[in-house]
Amino acid sequence: MPDIAVVGAGIVGAASAFRLAEGGLEVLLLEKEPTYAQGSTGKSAAGVRVQFSEPLNVLLSYRSILEYREIPEAAYRPTGYLFLVPEGLAEAQEEALKVQKALGVPVEKLSLAEAQRRVPFREEGLAYATFGPMDGTIDPHGATAYYLREARRLGAEVRFSEAFLSARREGGLWRVETPKGRYEAPYLLLSTGAWTGEVGRRLGLEIPVFPVRRMVFATAPAPFPHAFPLTVDLGTGFYLRSEGPRLLFGRSNPEEPPGFREGVDWDWLGPTLEAGLARFPFLEGLSLDRKASWWGYYEMTPDHNPILGFVEEGLLVAAGFSGQGVQQAAMVGRLMAEEVVFGRARSLDIEPSASGASSRGGFLRSGASSDATPCCLGPAWGARR
Ligand SMILES: Cc1cc2nc3c(=O)[nH]c(=O)nc-3n(C[C@H](O)[C@H](O)[C@H](O)COP(=O)(O)OP(=O)(O)OC[C@H]3O[C@@H](n4cnc5c(N)ncnc54)[C@H](O)[C@@H]3O)c2cc1C
C-alpha cells in the first residue's frame, strides 16, 4: 500500500513525488494524460524571478531557482527580469524592493538610462526600473522529467493515462478510485493545477482554484542586437522576452472569464499589441508567427496566492499558483514532503497560504497531518533507497 497518492504530474506533482520518496514514503502518482507536463507546466512562459512583494513568494521562487541552478535538465538561464515602473507604482515597487533586499535576494534599482541598455523602450510616464540578475527562465519539461526520474529511482510508481475519479476517507485511509483501479493510502496530495477546483468537488470540497486562459504570442525570427530579458511594463502588464531569435510577448486579459475555454484568443492580440507598441515602438517592424503562439491555463485563486499544505485530515493541496508555479515548484515539493514527514513544513512558514485558504474557500486547515505527529516513517527523512 502506498503512503501517499499524488494526483497530477505537472512540475508541482513531480517535485512533490520526488521529495516525498526521498523522505522515505511509498509514492503513487496518478496522471490523467499519457505523459507528464501536459497541463499548465508545458504551456508556461518558463520565467523564474525573485521580484515579488510577498515574502513567501520571494522565498519560494528564490530557493527554487537555487535548486534549478543545480539541475542540468532544468536548463536554468539567468537572463534577468526587468520591471519598468510607472510613476503611479513607484512607491509600491519601492516597498517590494525593501522586502526583497531584507530577504537578501539579488535585485537592483536602475535608472531609465541604465535600463535602456537592456531593451529599448519609450520612457514616458516611467519613474525607474528594477532588474533581477538571478531571474530568467528554466525548461519546465526538463525539470519535470528530472523530478519524475528521481522519484521513480526512489521507488515511486507513476501511472499515466489514469485519472483520479474520486476518494473517500475511511478508517484513517483515503480510498481512491480511478477508471483502472482502487488504491488506499493514508495521505492524498492534489497537485492538479487548474483542475483542482473540479477535483476538490469530487471530494465534496470547495477548493478556490479555477482556470483562466492565458496567451503567449510569438514573433517570427528577427535580427535583434542582443537577447532581451523578460521585460514587464508594470503599468499595463505587457511583457516580452527573447526566445532564441524570436520574441515572446503577452498581457493578461482582466476580462477573460474563468473556465476551460480553449484556443488562442486572437481578439486579445489587438489590445496586447496596443499596450506593447506604446512602450516598445520597435515591435512595429516585427511579424507575428501565429503557429508559434500558444495558450494555456493559469490556476488562479481569488488572492493570487497558492494554497499549500494540509486542508483536511490526510489531504494536502499544492495548487493555485496563479501563473507562477513553475518558478516555485522545487521548493513546494520540499514543503509538501515536510508537511507529511514532520507534520509541518519546516523550511518556510506556509501557514499564511493554508489559513488563507479558509477565508478564500471556506475550508479549514485542520493541522491534520497528524497534529504534529509525524508520518509513519518519521526519521526516514533524507534516507535514500
Ligand atoms: C501561458 C502561461 C504562461 C505561464 N508562464 C509562467 C511563467 O513564466 N513562470 C511560472 O512560474 N509559471 C508560469 N505559468 C504558470 C505555470 O505554468 C503553472 O503555475 C504551473 O505549471 C503549475 O504546475 P502544476 O504542476 O501545479 O500544474 P499542471 O502543470 O497543470 O499539472 C497538473 C496536472 O494534473 C493533471 N490532472 C488534472 N486532473 C486530474 C485528474 N482528475 N486525475 C489525474 N491527473 C489530473 C493534469 O493533467 C496536469 O498534468 C504560466 C502558465 C501559462 C498557462
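See above for the structure.
Just so it is clear, the structure is predicted and the values come from calculations on it, not from any experiment.

(A) Representation of the overall build of the chain. Helix and strand counts for the chain come out as 9 helices and 19 strands. By the compact-globule yardstick of 21 Å for 385 residues, the chain fits well, its C-alpha radius of gyration being 21 Å. C-alpha atoms of the chain, sized along the principal axes, occupy 65 × 40 × 40 Å. When the 385 residues of the chain are sorted by exposure, 56% land in the buried category.

(B) Summary view of the site of the ligand. Taken together, 38 residues sit near the ligand, with Glu-31, Thr-41, Gly-47, Phe-164 and Gly-325 positioned nearest. In this structure, Thr-41 approaches the ligand through a side-chain N or O atom, which is 2.5 Å from an oxygen atom. Coverage of the ligand by the protein amounts to 98% of the 1,000 Å² it exposes when considered alone. Elements represented by at least two residues in the shell around the ligand include exactly helix H1 (11–22), strand E13 (210–218) and strand E17 (294–300). Element by element, the count of residues in the shell around the ligand is highest for E17, at 4 residues. Class assignment of the residues belonging to the shell around the ligand gives a composition of 16 nonpolar, 15 polar and 7 charged.

(C) Broad picture of the pattern of salt bridges. Scanning the entire structure with this criterion turns up 27 salt bridges. Notably, a salt bridge pairs Glu-162 with Arg-159, separated by 2.7 Å at the nearest N-O pair. Looking at Arg-159, the relative accessible area reads 27%, which means it is partly exposed. Connected via shared salt-bridge partners are Arg-19, Glu-22, Glu-67 and Arg-334.

(D) Looking closely at the packing of helix H2 (residues 55–69) against helix H8 (residues 329–342). Where H2 meets H8, the axes come as close as 6 Å, and the angle between the chain directions of the two elements is 100 degrees. Regarding the angle of H2 to H8, the classification is roughly perpendicular. Of the residues in H8, those touching H2 at Leu-60, Arg-63, Ser-64, Glu-67 and Tyr-68 are Ala-329, Ala-330, Met-331, Val-332, Arg-334 and Leu-335. Class assignment of the residues belonging to the contact of H2 with H8 gives a composition of 7 nonpolar, 1 polar and 3 charged.

(E) Molecular detail of unusual backbone geometry. One non-glycine residue with positive phi stands out, namely Ala-46, at about 70 degrees. Structurally, Ala-46 can be placed in the loop between strand E2 (27–30) and strand E3 (47–48). The class for Ala-46 is buried, based on a relative accessible area of 9%.

(F) Expanded view of the nonpolar core. Ranked by internal contacts, the top residues of the largest apolar core, which has 63 residues, are Ile-4, Leu-20, Val-27, Tyr-68, Tyr-147 and Met-336. Counting residues per element, this core draws most heavily on H8, at 10 residues. The next biggest cluster of nonpolar side chains, apart from the first, holds 24 residues, and it includes Val-119, Phe-238, Trp-268 and Phe-280.

(G) Broad picture of the packing of H1 against H8. Put simply, H1 and H8 touch, their axes get as near as 7 Å, and they point 45 degrees apart. Taken as axis vectors, H1 and H8 run oblique relative to one another. H8 is crossed by H1, and the crossing has right-handed handedness. Each of Ile-11, Val-12, Ala-15, Ser-16, Arg-19 and Leu-20 in H1 lies in contact with H8, whose residues at this interface are Ala-329, Ala-330, Val-332, Gly-333, Arg-334, Met-336, Ala-337 and Val-340. In terms of residue class, the contact of H1 with H8 is made up of 10 nonpolar, 2 polar and 2 charged.

Calculation criteria
Residues numbered from 1 in each chain as written. Predicted model: local features only at pLDDT ≥ 70, side-chain atom pairs only at ≥ 80, totals over all residues. Heavy atoms only, no water. Helix = DSSP H or I, 4+ residues; strand = E, 2+ residues; numbered from the N terminus. Rg over C-alpha atoms; globule rule 2.2 N^0.38 Å. Buried < 20%, exposed > 50% of the residue type's maximum accessible area, 1.4 Å probe, protein only. Near = heavy atom within 4 Å. Polar contact = N/O pair within 3.5 Å; in protein donor to acceptor, adjacent residues only side chain to side chain. Areas by Shrake-Rupley, 256 points an atom, 1.4 Å probe, with all protein chains shown as cover. Nonpolar A, V, L, I, M, F, W, Y, C, P; charged D, E, K, R; others polar. Salt bridge = Lys/Arg side-chain N within 4 Å of Asp/Glu carboxyl O. Axes fitted to C-alpha atoms, helices over the stretch in contact; angles between N-to-C directions. Parallel < 35°, antiparallel > 145°, perpendicular 65-115°, else oblique. Contact = heavy atoms within 4.5 Å. Core = buried A, V, L, I, M, F, W, Y, C linked by side-chain atoms within 4.5 Å. Left-handed = near helix turned anticlockwise from the far one by under 90°.

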